[in-house]
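# A look at the structure
Here is what each chain is made of, one letter per residue.
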Amino acid sequence: MMTAPVLAMPPYADYIRSRIRTVPDWPQQGVMFRDITPLLQDPKTFRVLVDIFVHRYMDQNLDVVAGVDARGFILGAVVAYELNLGFVPVRKKGKLPFDTIAEEYELEYGSATVELHADACKAGDRVLLIDDLVATGGTMIAAANLLRRIGANVVEAAAIVDLPELGGSNLVRQQGIELFTVCDFSGH
Ligand SMILES: O=P(O)(O)OC[C@H]1O[C@H](OP(=O)(O)OP(=O)(O)O)[C@H](O)[C@@H]1O
Ligand SMILES: Nc1ncnc2[nH]cnc12
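So, a few notes on the structure that sits alongside this text.

So, how was this worked out
- Residues numbered from 1 in each chain as written.
- Chains lettered and ligands numbered in written order.
- Predicted model: local features only at pLDDT ≥ 70, side-chain atom pairs only at ≥ 80, totals over all residues.
- Heavy atoms only, no water.
- Phe/Tyr/Trp six-rings, centres within 6.5 Å; stacked < 30°, edge-to-face > 60°.
- Helix = DSSP H or I, 4+ residues; strand = E, 2+ residues; numbered from the N terminus.
- Buried < 20%, exposed > 50% of the residue type's maximum accessible area, 1.4 Å probe, protein only.
- Expected span 1.5 Å × (residues − 1).
- Polar contact = N/O pair within 3.5 Å; in protein donor to acceptor, adjacent residues only side chain to side chain.
- Near = heavy atom within 4 Å.
- Nonpolar A, V, L, I, M, F, W, Y, C, P; charged D, E, K, R; others polar.
- Salt bridge = Lys/Arg side-chain N within 4 Å of Asp/Glu carboxyl O.

## Comments concerning the packing of aromatic side chains
- In the structure shown here, the tally under the stated rule is three aromatic pairs.
- A ring pair is formed by Phe53 and Phe180, whose centres lie 5.7 Å apart and whose planes are at 75 degrees; its orientation type is edge-to-face. Placement of the pair is Phe53 in helix α3 (residues 43-57) and Phe180 in strand β10 (residues 179-184), with a sequence separation of 127 residues. Of the two residues, Phe53 and Phe180, neither departs from the other in class, the shared state being buried.
- Where Phe73 meets Phe87, the ring centres are 5.9 Å apart and the plane angle is 90 degrees; that geometry is what we call edge-to-face. Remark: Phe87 occurs in strand β4 (residues 86-92) and Phe73 occurs in helix α4 (residues 71-82); sequence separation between them is 14 residues.

And the structure:
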């Protein structure tokens, strides 16, 4: 896939990274939590962030944007709106009321199940999958698997943050899922 050359340049990564807060030992000892709330609450950084995604995907003939519960909803819904596309939620277990399919996966801290409405998109739909962060990759892979099971074409998975030391981004790509992340965090 073609990338937007200007917006993909490292200064944007540094700018976005500089607005993400690290909270050590949350939600448990040993986890360096990368908190995107400062990035979202500043109107300027939020707009830059959204624009990075909108410019990257505006010419990709997408049919729908899927976002992952819960932080993937924030960016995913705004990007869908700006691209004039519908938004599909991939939700944690037990939250979707209609016919659902489910995938279980492991997290950096625990395990979980995500679900998707069986009629969330049509077979062959070109889907952009958005979350805020890739850690072990379990969430993104499970969400992509759900979309693939209903016949969607996951054109790309995208997140704000990659934690490459946890190996998730490699795992996602090994599943044949294209992955775009704006910035990464290593160490402390
Ligand atoms: O790559 P992984 O190891 O799967 O981890 C990444 C996922 O973990 C976080 O969500 P979390 O499950 O904490 O839920 P939240 O969005 O409701 O905070 C994050 O928002 C991603 O969805
Ligand atoms: N280190 C981390 N920071 C923020 N969100 C996460 N989700 C999984 N691991 C995370």
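Here the narrative resumes.
## Let's talk about α3
- Taking 1.5 Å of rise per residue, the 15 residues of α3 would be expected to cover 21 Å, and the 21 Å separating its terminal C-alpha atoms lies within 8% of that figure.
- Turning to α3, its buried residues number three or more, namely Thr45, Leu49, Val50, Ile52, Phe53, Val54, Arg56 and Tyr57.
- Two or three places before Lys44, at the start of α3, stands the capping residue Asp42, its side-chain oxygen 2.8 Å from that residue's backbone nitrogen.

## What about the site of ligand 1?
- In the vicinity of ligand 1, 16 residues are found, and the nearest of them are Asp131, Asp132, Ala135, Thr136 and Thr139.
- One of the side-chain N or O atoms of Asp131 is found 2.5 Å from an oxygen atom in ligand 1.
- One of the backbone N or O atoms of Ala135 is found 2.8 Å from an oxygen atom in ligand 1.
- Among the elements of the structure, β8 (133-134) and α5 (138-149) are those that each provide at least two residues to the shell around ligand 1.
- Here the shell around ligand 1 is composed, by residue class, of six nonpolar, four polar and six charged.

## Remarks on unusual backbone geometry
- The omega torsion of the bond from Trp26 to Pro27 falls at 5 degrees, within 30 degrees of zero and hence cis.
- Within the secondary structure layout, Pro27 lies in the loop between β1 (21-24) and β2 (32-35).
- The phi torsion at Asp25 lies on the positive side, around 60 degrees, for a residue other than glycine.
- Mapped onto the elements, Asp25 comes out in the loop between β1 and β2.
- Unlike most non-glycine residues, Asn61 shows phi in positive territory, near 50 degrees.
- Along the polypeptide, Asn61 turns up in the loop between α3 and β3 (64-68).
- Asn61 sits in the exposed class, given a relative accessible area of 62%.

## Considering the pattern of salt bridges
- Taken as a whole and judged by the stated rule, the model has nine salt bridges.
- Its salt-bridge partner being Arg17, residue Asp184 comes within 3.6 Å of it at the nearest N-O pair. Of this pair, Asp184 sits in strand β10 while Arg17 sits in helix α1 (residues 10-18), and the two are 167 residues apart along the sequence.
- Here Asp184 falls in the partly exposed class, since its relative accessible area comes to 33%.
- Asp69 is the salt-bridge partner of Arg91, the closest N and O atoms lying 3.2 Å from each other. With a gap of 22 residues between them, Arg91 in strand β4 and Asp69 in the loop between β3 and α4 connect regions that are remote in the sequence.
- Using a relative accessible area of 24% as the deciding quantity, one classes Arg91 as partly exposed.
- One salt-bridge network, in which partners are shared between bridges, spans Asp14, Arg17 and Asp184.

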